[in-house]
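Summary of the model geometry
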Amino acid sequence: IVCFIGRSNVGKSSLIKALFSLAPEVEVRVSKKPGHTKKMNFFKVGKHFTVVDMPGYGYRAPGDFVDMVETYLKERRNLKRTFLLVDSVVGIQKTDNIAIEMCEEFALPYVIVLTKIDKSSKGHLLKQVLQIQKFVNTKTQGCFPQLFPVSSVTFSGIHLLRSFIASVTGNLD
């Protein structure tokens, strides 16, 4: 199991749709409306593994968000990796710190994925990457050291992230 967590409207569903565009069994509905995903959505990727699309936190988050997500993250033994999505335009927000603290507290291996890189200028993106990289290096323990900058629109970085997921789930063949 791998799960995707992040603020409302950070692009979780869009990223899952882009990552698994070659897996017809992964049917992801994407909404323009922030806070559309209210429950955890599970997608089987062939016989290989399951992807969990978590509801967003922050704007229009379901009231039981923390309980639902915390319980899931704490008790899921077969969770291989948590992908924490951060909007590359705005960087790490206060609400993201809640998710980061949860991952750290439960000693979950997690990865920060920078979404919407097509919406940032190169200079702004570089600034965010350096800032977040410094944060990862100095303030986290369980975070994978490499960031994954991606765009679900241009597919930039998607192949690399797809390969990483294949690697952590043991599906490199």
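Reading the values: the criteria
- Residues numbered from 1 in each chain as written.
- Predicted model: local features only at pLDDT ≥ 70, side-chain atom pairs only at ≥ 80, totals over all residues.
- Heavy atoms only, no water.
- Phe/Tyr/Trp six-rings, centres within 6.5 Å; stacked < 30°, edge-to-face > 60°.
- Helix = DSSP H or I, 4+ residues; strand = E, 2+ residues; numbered from the N terminus.
- Buried < 20%, exposed > 50% of the residue type's maximum accessible area, 1.4 Å probe, protein only.

Once that is clear, we can look at the packing of aromatic side chains. Under the definition given, this model contains seven aromatic pairs. Arranged with centres 6.1 Å apart and planes meeting at 90 degrees, the rings of Phe83 and Phe164 form a pair that is edge-to-face. Separated by 81 residues along the polypeptide, Phe83 in strand 4 (residues 81-87) and Phe164 in helix 5 (residues 158-168) bring together distant segments of the chain. Across this residue pair, the class does not change: Phe83 and Phe164 are buried. Taken together, a centroid distance of 4.7 Å and an interplanar angle of 50 degrees make the contact between Phe144 and Phe164 tilted. Here Phe164 lies in helix 5 and Phe144 lies in the loop between helix 4 (122-139) and strand 6 (148-149), a separation of 20 residues in the sequence. Judged by relative accessible area, Phe144 falls into the partly exposed class, the value being 25%. For Phe164, a relative accessible area of 12% translates into the label buried.

Not every positive phi belongs to a glycine, and Asn9 is a case in point at roughly 70 degrees. Following the sequence through the fold, Asn9 ends up in the loop between strand 1 (2-6) and helix 1 (12-19). Unlike most non-glycine residues, Lys116 shows phi in positive territory, near 60 degrees. For Lys116, the position within the fold is in the loop between strand 5 (110-115) and helix 4.

Remember, this is a structural readout, not a statement about activity or role.
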